[in-house]
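# An overview of the molecular structure
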Amino acid sequence: MVDIEEDEGVGAHLGLGTDVESVEQLDDATVKEVLKHGKTRWFGRAIAALSAAKVASVTEDSLRTMREKHPEAAPPPGLQGVQRQEVDSPHVTKEAVKKALRSMPRGTAAGPSGLTAQHLLDLLGPACPLAEPLAAAVGCLAAGKMAESARPFWYGAKLVALEKKDGGLRPIACGEILRRLAAKVLMADKEVKKAIEKALLGATQTGVGRKAGEAAYGARSQLTFGHEVVWSESGVQQGDPLGPLFFSLVLKKVLERVERGMGELEGDFLEARSFYLDDGALAGTWQALANWVALFEREGAQAGMFLNREKSEVVVHPVEAVPGQFQGMKHKLLDNWELLGAPLGRPEAVAAAVERALEKVDKKSRAISTLPDPHVALALLRTCAGFATVVSLMRSTGSVGDYAKVDRSTRAALGNILGAELDEETWAQASLPTRLGGLGLHSCSSTAAIAGVAAALSGWEAGQDLMSTETRARVSQAADPLCQAAVNCPHLAQHPTVLTKVQDAQRVGAEQKPRQQKIWSAEVAQLRREAIMEVADERKQARMQSCAARHSAAWLYGSYDAPEWMWLSPVEFNVAVRMRLGLPLTAQVGKCRLCGDADADVMGDHSLCCMSGGLRTRAHTALRNEVAAVAREALLTPALEVQPFTQPAHACI
């Protein structure tokens, strides 16, 4: 495996774990920040705050470090023989701008101006006159029609430094939002897409599928670090939607030269080669690999690309010795190694790697469950922990590994949030999708085998294209270990109809449907719900039916535009979730505090239908006030109720 280095990487991803085990380790300001982002559904920011990643202050030391990470660099000699393909700048419409804005992740960070995508979305209302001027401005940026004096600002970025565990600093660049918006619009244009496909089609690069002008990429970038300026003179810029494309275009030309050089040499050829952006995987004899590395180091230097030997790995058989041509690279055994975070090797080694990853997930779930707001905690548990964090791991390892551990940690975290012990029956409902009456905390143990098979089948054709003819012939005769393990998975064996469909899909020539994992998982979830309903009494069946009704779970996780008051208070949320799961609301039976006559059962059934007391619910009060406000706007004179609302027949206004 090789790592190609420019200057700035393509960014970091949110890891499986967190640095804290309880919010008690955080200060009050950080906890408030987590809850604030959670209630606006910026869950990524909430988890980032929870992970205790700190932003380094702008000091002489940090400034020196940032400049060391962005050294001065002369322009590369260039790629001789590369022909520029000119594409006319597209006409930017306001519809294209709105679509590009909506495609940006919620909470996208601002650039040097402080302007965010959400600011622009809020401004582009139905009657807002700014849509056309904004589209014109984006069109100018896309065409490179920008005064030279303004280019450092519009094509620059805000630079922040995050503290790493080892004491170092990680640079994060946030480009100006209008520049990123122009790149998004370009990438969505049909003519630009055709040019990209023509330039990149092939099995060499699997990470991505136009040149926006010399204005953005023909000069060094100005990075604003506090009140200081750091110049970035090589590599693509973090957060630039066109960065991976330009990197891949240059890499493709370098790889083509390397291939021509390999063809001129006598000896062995590579059996397989593939790249995912700056990460590459090569397979072949020692001589073939050594030839390829030597050619790449020579040709890559001409384009400003360098092989990072310290991050490159050589995967060998335990009895083999590594030749001297691979000096400076890490050595990994074939029995135990990783590719893009996916553990590979012997089943025992893969299971051990999965176990280490699941320990981090368990730590994150425990930290989330200690948040003081249970409603936000459940939302984060569903979207940023448990199943959501290990789905890619399950697709690469299948049923190899104890994924039931994730279910146990999620179940324990949910119990901690609700302050209750959850039995198997309650967890079975909670792990169902919300449309089937659950909480959407998907079960990993019932999905792992399906995820592995679906990934293996969907990637089979692409994998064949990456191998040489001889290697393809050998591999086609071998059974896929993920598929074999899935057939023997006890969790999948509980659902024979789904198991049969999985086996049929593995047959040669079987049609591979898109989103196969989602289809099979939905079938398994439906079968699990049917099993619950078969043994449920009449009361539980009625509750499950009502919980599965349309929009019955809309209150659980809110919507992107939901106001903060729609998030329930801890008491309200605890009661609502307990009633959804059929958990008792109180430990003992007592007299109803409203009517004083009937017994208030532990499940809260009487409290729901008791007709005594004053304004019984916030929903009634809120609805009454809203209707009154609308009536006043219509120049009516509504009178709010004077006597307490005691009977359904009484009017509210």
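The rules behind these values
Residues numbered from 1 in each chain as written. Predicted model: local features only at pLDDT ≥ 70, side-chain atom pairs only at ≥ 80, totals over all residues. Heavy atoms only, no water. Helix = DSSP H or I, 4+ residues; strand = E, 2+ residues; numbered from the N terminus. Buried < 20%, exposed > 50% of the residue type's maximum accessible area, 1.4 Å probe, protein only. Areas by Shrake-Rupley, 256 points an atom, 1.4 Å probe, with all protein chains shown as cover. Phe/Tyr/Trp six-rings, centres within 6.5 Å; stacked < 30°, edge-to-face > 60°. Salt bridge = Lys/Arg side-chain N within 4 Å of Asp/Glu carboxyl O. Axes fitted to C-alpha atoms, helices over the stretch in contact; angles between N-to-C directions. Parallel < 35°, antiparallel > 145°, perpendicular 65-115°, else oblique. Contact = heavy atoms within 4.5 Å. Nonpolar A, V, L, I, M, F, W, Y, C, P; charged D, E, K, R; others polar. Pairing = 2+ DSSP bridges. Arc of directions from axis to C-beta. Patch = residues over 30% accessible without salt bridge, like charges linked within 9 Å, V, L, I, M, F, W, Y side chains within 5 Å. Core = buried A, V, L, I, M, F, W, Y, C linked by side-chain atoms within 4.5 Å. Polar contact = N/O pair within 3.5 Å; in protein donor to acceptor, adjacent residues only side chain to side chain. Lys, Arg positive; Asp, Glu negative; His and termini not counted. Charge placed at Lys NZ, Arg CZ, Asp CG, Glu CD. pLDDT = per-residue confidence, 0-100.

### A short note on the overall build of the chain
Looking only at helices and strands, one finds 29 helices and 14 strands in the chain. Buried residues in the chain amount to 41% of all 653 residues. Within the structure as shown, the chain displays about 35,000 Å² of accessible surface, and the carbon and sulfur contribution to it stands at 54%.

### What to know about the packing of aromatic side chains
By the definition in use, this model includes five aromatic pairs. Taking the centre distance of 5.3 Å and the plane angle of 80° together, the rings of F153 and W154 count as edge-to-face. A relative accessible area of 35% places F153 in the partly exposed class. One aromatic cluster is present, built from ring pairs that chain together F275, W292 and F296.

### Here we look at the pattern of salt bridges
Enumeration over the complete set of coordinates arrives at 17 salt bridges. Between D605 and R539 there is a salt bridge, with its nearest N and O atoms 2.9 Å apart. With a gap of 66 residues between them, D605 in helix 28 (residues 605–609) and R539 in helix 25 (residues 538–547) connect regions that are remote in the sequence. Bridged by salt links that share partners, the residues K252, K253 and E256 form one connected network.

### Overview of the packing of helix 13 (residues 347–369) against helix 16 (residues 404–418)
Between helix 13 and helix 16, whose axes approach to 9 Å, the crossing angle comes to 10°. The angle between helix 13 and helix 16 falls in the class roughly parallel. Residues E355, L358, E359, V361, D362, S365 and S369 of helix 13 pack against K405, V406, S409, A413, N416 and I417 of helix 16. Residues belonging to the contact of helix 13 with helix 16 are distributed by class as follows: five nonpolar, four polar and four charged.

### Some thoughts on the side chain of E176
Among the structural elements, E176 can be located in the loop between strand 3 (169–175) and helix 8 (177–188). Apart from the residues within four sequence positions on either side, E176 is in contact with G111, P112, S113, L115, F153, W154 and G156.

### A short note on the pairing of strand 7 (residues 279–283)
Going residue by residue along strand 7, you find G280 and L282 tucked away on one face and D279, A281 and A283 left uncovered on the opposite face. Relative to strand 7, strand 6 (residues 272–276) runs antiparallel, the two sharing five bridges. Bridging from a neighbouring strand, F275 pairs with G280 of strand 7.

### Considerations on helix 3 (residues 60–69)
Every buried residue of helix 3 is accounted for by S62, L63 and M66. The arc that holds the buried residues of helix 3, viewed along the axis, is 100°, so those residues lie on one side. When the buried face of helix 3 is taken as reference, the exposed residues oriented beyond 90 degrees from it are E60, D61 and E68. On its buried face, helix 3 sits against strand 2 (157–163), strand 3, strand 4 (221–225) and strand 5 (228–232).

### Overview of a nonpolar patch on the surface
Together, V571, V575 and L585 make up a nonpolar patch on the protein surface, roughly 230 Å² of accessible area in all. Take V571: it is sitting in helix 27 (residues 570–581).

### Digging into the sheet that holds strand 4
On the basis of which strands lie adjacent, the open sheet formed by four strands has the order 3-2-4-5 and mixed pairing. The sheet is open, and its two borders are formed by strand 3 and strand 5, each paired with just one other strand. Recorded for the sheet is a direction-independent mean angle of 35° between the axes of neighbouring strands. Sheet topology note: the strand 4/strand 5 ladder contains five bridges and is antiparallel. The partner of Q222 across the bridge, within strand 5, is W231.

### So, unusual backbone geometry
In this structure, L340 is a non-glycine residue whose phi angle is positive, near 55°. Looking at the secondary structure, you find L340 in the loop between strand 11 (336–339) and strand 12 (342–345). Despite not being glycine, L635 has its phi angle at roughly 65°, a positive value.

### Some remarks on the nonpolar core
One finds L50, I368, L378, L380, L381, L414 and L439 to be the most contacted residues of the largest nonpolar core, which totals 40 residues. For this core, the elements supplying multiple residues, two or more each, are helix 1 (28–39), helix 2 (43–50), helix 13, helix 14 (374–384), helix 16, helix 17 (424–430), helix 26 (554–557) and helix 27. The biggest single contributor to this core is helix 14, with seven residues. Counting residues in hydrophobic clusters, the runner-up holds 26 residues, among them V138, L181, V185 and L242.

### Topic: the side chain of R624
Its location among the elements puts R624 in helix 29 (residues 618–633). Within the structure, the side chain of R624 is placed 2.9 Å from the side chain of N625, a separation counted as a polar contact.

### Quick word on helix 25
If you check which residues of helix 25 are buried, you get K540, R543, M544 and C547. The buried residues of helix 25 all sit within an arc of 100° when viewed along its axis, so they share a single face. On its buried side, helix 25 packs onto helix 17, helix 24 (516–535) and helix 27.

### A word on a positive patch on the surface
Side chains of K69, K164, R170, K311, K330 and K332 sit close together on the surface and give a patch of like positive charge. Tracing the chain through its elements places K69 in helix 3.

### A few points about the pairing of strand 12
Both faces of the sheet carry side chains from a regular strand, because those side chains alternate between them. For strand 11 and strand 12, the ladder comprises four bridges, and the chain directions are antiparallel. Following the sheet pairing, W337 is matched in strand 12 by L344. Counted between consecutive antiparallel strands, the loop separating strand 11 from strand 12 contains two residues, among which L340 sits at a positive phi close to 55°.

### Quick look at the environment of H495
Relative to the helices and strands, H495 is located in the loop between helix 22 (490–493) and helix 23 (496–505). Separated by 32 residues in the primary sequence, H495 and L527 place their C-alpha atoms 7.5 Å from one another. Apart from residues no more than four positions distant in its own chain, H495 is found in contact with V524, L527 and R528.

### Overview of the environment of W154
Assignment of secondary structure puts W154 in helix 7 (residues 151–154). The class of W154 is partly exposed, set by a relative accessible area of 25%. Dropping the residues within four chain positions of it, W154 is found in contact with L141, M146, E176, L178 and R179.

### Looking at the confidence of the model for the chain
Model confidence for the chain is summarised by a mean pLDDT of 80, while 83% of its residues fall at 70 or above. Under a pLDDT of 50 for its full length, residues 206–213 has, in the predicted model, 35 contacts with residues more than four places off or in other chains. For residues 645–653, every residue scores under 50 in pLDDT, and the model assigns this stretch 20 contacts once sequence neighbours within four places are set aside.

### Regarding the environment of S51
In this structure, S51 sits in the loop between helix 2 and helix 3. With relative accessibility at 14%, the residue S51 sits in the buried group. In this structure the C-alpha to C-alpha distance between S51 and L26, which are 25 residues apart in sequence, comes to 9.7 Å.

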